[in-house]
Amino acid sequence: MMRFLQPETLREAIDLLSADSSSTTLIAGGATVVLMLQQKLITPEVLVSLARIPGLRGVREDGDRIHIGALTVHREVEESPLIRARYPALSHAASVVGNIRVRNQGTLGGNLGEADYASDPGAVLMALNATIITAGPSGGRRIPASEFFVGFYTTALKEGEIITDIEIPVLPEGTRMAYLKYKSRSSEDRPCVGVTAVAAFANDRCTDLRVAVGAASEIPRRLPKVESMAQSQALTDELIREIAESYAANIDTLDDLRGSAWYRTQMIRVHVRRALEEVRHGNR
Amino acid sequence: MAIGESLPMLDSRERVTGQVPYMANMRLPGMLYAKVLRSPLPHAQITRLDASAAAAMPGVIAVLAAADFDAPGAPELFYGFRLRDQPVVAKDKVRYVGEPVALIAADTPEQAEAALYAIEVEYEELPAIYDPVEAVQPGAPQLHDATPENRMVHAKLRHGDIEAGFAEADLVIEETYTSPLAQQTSLEPHITIAEWKDGKLTVWSGAQAPFGIRNNLAELFHLEREQVRVIVPPLGGAYGGKGHIRIEPMAAALAWKVGGRPVRLALERAEEFVTVTKHAATIIIKTGVRNDGTFTARQVTTYWGSGAYADASPGLVPAGMVRSVGPYRIPNVHIDSYGIYTNLPPSAAYRGAMSSQSAWAYESHMDTIARRLGRDPLDLRLQNLLVSGDHFATGEEMHDVHFVECLEASARRLGWDQPLDRGVGSIRRGRGCAVMMKSTVATSRSEARLEIDTQGQVTLYTSTVEMGQGAHTALAQVAAASVGVPVSSVRVVGPDTAVTPFDPTTSASRSTNMMGAAILNSGAALKRKLIEAAAPLLEEPTDHLSAADGAVFVTASPAERISYVDILRRSALDKLDATGEFSTKGGLDPETGQGIATPHWHQGAGACEVEVDIETGKVCVTRYAAASFAGKVINPVLADLQNDGNVIFGMGPALFEEMVIDNGQIVNPNLSDYMIPSFLDVPAELNSVLVESEKGEFHGIGEMTLPPVAPAIANAILDAVGVRIASLPITSEKVLRALLEA
């Protein structure tokens, strides 16, 4: 019979997780873990809840950075005035995760830890140059979002490590951003493709461009070489098309019920273009 | 007046406060929990089954496998609605992934679940077949020894001279349409509790056909029908998935083995997907048409994938045959409708049964024809739609048919003749319409009983199942009107085969019509009894008396009256009751399909506007108008909700829903991967029209506007971007591919 434990300190949780990490599963909001348990996709011997550990929830300003506690639910991320003001694309991405029931229950840390490719927030955090902060048996680590996802449902988390925080650096004044979630099926489906574009401009020329594509491949992808094509350039229709084409050509897409690999490639082309058109025209 | 009033559902408060006594909440003292061991293979011989370790597990009270049915006095192993080909648990052979192989009853669900893993089964895998067209080819794996080529049922219709009809045509068009395996997806899963006491069996079950299940169980357990009692609480949805005997034999057989304590079997969502499905269909439709738009001939060949066991198919495939032509004047018709065994879960009714697949084909085909002729699709339909007095392909005369009114009403509500903004950028807009005809059960009978007591309370005893559709509310309104009391005085007692009178099934949109008519008859009978009892009190002969508004009065002098309550009190009666029934007869010749298909035709239509994003293929249904023929509307709000619900429900199979199969395994047996519409998908403008007729018969309306949804959307896509999608669901990817290939 599975044991359900509710440690009250992070240390205790790390110890429980480290004791036998192969048969222990962490549960935050449970939006995913409970489904997986019900479908018998996982059969842990120990379920360790993080819910009673203080200090893991909420959005706060820390100098020029924003910290989001790992146990902050999507709805809170969506509604946070700080996030709305500084990272509107993240607020928007949080507002389109699953459905309202999932958003009130699922947590940002849980979402990242599961590393389901068909997800919204990961690609946004990657484009925002966020850092995933962890605690573990041998201390804390700071993992750049771009290095956090390493494969299909696999993260850079090491044995016994727990996500505690997501840190997002401040962006230069005048940065524009967009998150486009493309759903090929129902309005409450997971993304078929999710595209985040973050762009800073000086005199109508792009000083910094970041484009992250989520849900299309095993992990969210940024293509720095393609991003640099925009450096010091105006985002013309032609340049936008070129960038979109390069993203479509260079991401190894996957097949699932939301679309074939071929279809996803087409959707990357369309939605990278649309996201770039959006950041060229205005903020979101 | 109770009829025509938009009353809220009788139990609306209970519904929104969680007080409805669903099966899901029912627990009995000493109750055991059942779990099902299921086949991991699509087709295999069982070479060994050893449950001895499982039987010794903590909390396990009973294990049931096919060998138990060999014992003296054991129940029959095989059951079925018409063809008894389905074992309660597999014997020697499994025929689909998910087929029950053994059952466990334990003190807790966890103990039952744990014991499943201790049952040892060895299989020898056999070749399997999933596609109904491939399953009839020579050399295809055969599921049942008695059924060569896997053809379980073949229904046919021969009307006129099909070859001569095609020869007369200026244009002959043949197309093939497909519709995949899909799920009924009731919110509440199948749940049954079975209990044996003194050699009698009592079953509580979320089921649409209490008496059918009672009769099937009586056969299975060699009992008199009266020794089996089936009680049905309100259902959390059914959509056809609870239309016939399903999990009741498992629960009852396990309870029989237990011998005393009640056993509860409740399916998980993934088990729902392997218990009952919508028939997959491949439909080949060929039509001859003259340049003036009149039809000369139509041939339809349908391969229904019925799954591994007959289940409801022996009844539904012939019904699907009749439903595959379309409501048009066609002089020469030739139909073959095959129910084919495949290595998949059994298929049965799915709201709009067989009509959804059929109308998908004939109404998409209709727009192909209109395009080829250069005709407006609405106009071509109106030219050919059957009207009262016409003869259908079965040879029967059409009466009280209003296909034209339904289609015109939906088109008018949409604004078919208004200019359409064709869209800018990547968006293209288009309009489409569709109409459908559906038969109901040809020969059937419903009974109702009404009782009035000294408080003036009227109790309606009915075996019609309340499953969220509002049947009990509508029937209470009919009861109130028929007796002449306010609806607030009517109480409904729902299905219990030991208490409520006979009714075969709450399905095929038959209840409002059949049960409604039975209630009108019992109301009239109850009034006669009240008049007889009042006659001596009013000192008038009965033929001078009338009954209305809670009183019997002298017809010529209405002020001389006596209330129903006073009639009972002054006659020293506790109560008066009366039973009424209504029955219909029909049927088709099995060789020619000629005869009477249905006592009346279900009629519905829809018209819609869609937006297609030509860069993604994504379709958005922005406006929809649905019209059904309702005869006489009992409760306008509930009736409109049926129309609305049909459209939303129908958008699922049209755009998203498909059970994806990989080597017989269902890839998406959950509601995250199997996609049903969300409320955010509901068209921004959704309209309902209820068409009534002077004859004023009650008509069922639970399905009428569902079958037109998929073809109306497909036709609107054709109008918007010129591509024809011939396989459901119409995914974004299919549309984009078609656009790129065009």
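To start, this report covers the structure provided alongside it. Quantities reported herein were computed from a predicted structural model and do not represent experimental measurements.

What follows is about the overall build of chain A. When its secondary structure is counted, chain A shows twelve helices and 14 strands. In summary, chain A has a C-alpha radius of gyration of 19 Å against a globular reference of 19 Å for 284 residues, a match within 12%. The 284 residues of chain A split such that 55% are buried. Put simply, of all contacts in chain A between residues at least 6 apart along the chain, 61% involve residues at least 24 apart. Of the roughly 12000 Å² that chain A leaves accessible, carbon and sulfur atoms contribute 48%.

The next thing to look at is the packing of aromatic side chains. This structure, assessed with the given rule, holds 16 aromatic pairs over all chains. Both rings, one in Phe211(B) and one in Phe502(B), keep their centres 5.2 Å apart while their planes meet at 65°; by these two values the pair is edge-to-face. Taken together, the positions of Phe211(B) in helix 6 (residues 210–220) and Phe502(B) in the loop between strand 23 (490–493) and helix 14 (511–538) put the pair 291 residues apart, joining distant regions of the chain. In this structure Phe502(B) comes out as partly exposed when scored by relative accessible area, which is 22%. An aromatic cluster of three or more residues is present, and its members are Tyr117(A), Phe152(A) and Tyr153(A). For Arg298(B), the ring lying beneath its charged end belongs to Phe295(B), and the centroid distance is 5.5 Å. Sitting over the ring of Trp262(A), Arg737(B) keeps its end group 4.1 Å from the ring centre.

Turning next to the pattern of salt bridges. Once their charged atoms are close, side chains differing in charge can pair, the charge on each being opposite to the other. Residue and element names in this part refer to chain A. The final tally for this structure, using the stated rule, is 64 salt bridges over all chains. Asp256 is paired through a salt bridge with Arg258; the nearest N and O atoms lie 3.3 Å apart. Take Arg258: its relative accessible area is 8%, and that puts it in the buried class. In this structure, Arg273 engages Glu277 in a salt bridge whose closest nitrogen and oxygen atoms are separated by 3.2 Å. Linking Arg273 with Glu277, this pair stays in helix 12 (residues 261–281), spanning four residues, or about one helical turn. Among the ionic contacts, a cluster of salt bridges with common partners joins Arg185, Asp189, Asp256, Arg258 and Arg264.

All names here are of chain B. Contact geometry of helix 13 (residues 471–483) with helix 14 gives a least axis separation of 8 Å together with a crossing angle of 25°. In terms of orientation, helix 13 and helix 14 fall into the roughly parallel class. The two elements helix 13 and helix 14 meet at a crossing, and its hand is right-handed. Across the interface between the two elements, Leu475, Val478, Ala479, Ser482 and Val483 from helix 13 touch Ser511, Met515, Gly516, Ile519, Leu520, Gly523, Ala524, Leu526 and Lys527 from helix 14.

So, about helix 9 (residues 313–322) of chain B. An α-helix turns once every 3.6 residues. As a result, residues three or four positions apart point the same way. Burial of helix 9 of chain B is extensive: eight of the ten residues sit out of reach of the surface. Contacts made by the buried residues of helix 9 of chain B are with strand 9 (151–159), strand 17 (295–307), strand 18 (332–341), strand 19 (347–348), helix 10 (355–373) and strand 28 (587–588) of chain B.

A few words now on the interface of chain B and chain A. Each side of the interface is counted separately: chain B has 26 residues, and chain A has 24 residues. Approximately 2000 Å² of surface area, both sides summed, lies buried where chain B meets chain A, with 53% of it carried by carbon and sulfur atoms. Its largest share of buried area at the contact with chain A, chain B owes to Glu615(B), Met675(B) and Glu733(B), together 25% of the area lost on that side. Where chain B meets chain A, there are five salt bridges. In this structure, the salt-bridge partner of Arg274(A) is Glu615(B), at a minimum N-O distance of 2.7 Å. On inspection of chain B and its partner chain A, the count reaches 13 residue pairs in polar contact (both at pLDDT 80 or more). Put simply, the parts of the chain that give the side of chain B that touches chain A at least two residues each are helix 3 (109–116) and helix 18 (732–741) of chain B. Ranked by the residues each element gives to the side of chain B that touches chain A, the list is headed by helix 18 of chain B, at five residues.

Below, the discussion takes up the nonpolar core. Within the largest apolar cluster, 126 residues are counted, with the highest numbers of intra-cluster contacts made by Ile713(B) and Ile730(B). Of the residues forming this core, the biggest block, nine residues, is contributed by helix 17 (residues 709–721) of chain B. With residues near it in sequence (within four places) discarded, Ile730(B) still touches Trp360(B), Ala654(B), Leu655(B), Ala710(B), Ile713(B), Ala714(B), Ile717(B), Ile725(B) and Val735(B). Counting 46 residues, the second-largest nonpolar core is a separate cluster that includes Ala13(A), Leu71(A), Leu90(A) and Leu125(A).

Moving on, we come to the sheet that holds strand 10 (residues 171–179) of chain B. Residues and elements named next belong to chain B. Sheet architecture is open: five strands sit in the order 9-18-17-16-10, paired in mixed fashion. Only two strands of the sheet have a single neighbouring strand rather than two, namely strand 9 and strand 10. Pairs of neighbouring strands in the sheet enclose a mean axial angle of 5°, with direction left out of account. Both strand 10 and strand 16 (residues 280–289) contribute to a ladder of nine bridges, which runs antiparallel. Bridging from a neighbouring strand, Val172 pairs with Gly288 of strand 16. Along the sheet face, helix 9 touches strand 9, strand 17 and strand 18 and points at about 25° away from the line of strand 9. Contacts between helix 10 and the sheet are confined to strand 10, strand 16 and strand 17, with strand 10 contributing the most and set at about 145° to the helix.

Each value, and the rule that gives it
Residues numbered from 1 in each chain as written. Chains lettered and ligands numbered in written order. Predicted model: local features only at pLDDT ≥ 70, side-chain atom pairs only at ≥ 80, totals over all residues. Heavy atoms only, no water. Helix = DSSP H or I, 4+ residues; strand = E, 2+ residues; numbered from the N terminus. Rg over C-alpha atoms; globule rule 2.2 N^0.38 Å. Buried < 20%, exposed > 50% of the residue type's maximum accessible area, 1.4 Å probe, protein only. Contact = heavy atoms within 4.5 Å. Areas by Shrake-Rupley, 256 points an atom, 1.4 Å probe, with all protein chains shown as cover. Phe/Tyr/Trp six-rings, centres within 6.5 Å; stacked < 30°, edge-to-face > 60°. Lys NZ or Arg CZ within 6 Å of the ring centre and 35° of its normal. Salt bridge = Lys/Arg side-chain N within 4 Å of Asp/Glu carboxyl O. Axes fitted to C-alpha atoms, helices over the stretch in contact; angles between N-to-C directions. Parallel < 35°, antiparallel > 145°, perpendicular 65-115°, else oblique. Left-handed = near helix turned anticlockwise from the far one by under 90°. Buried area = accessible area lost by both parts, 1.4 Å probe. Polar contact = N/O pair within 3.5 Å; in protein donor to acceptor, adjacent residues only side chain to side chain. Core = buried A, V, L, I, M, F, W, Y, C linked by side-chain atoms within 4.5 Å. Pairing = 2+ DSSP bridges.

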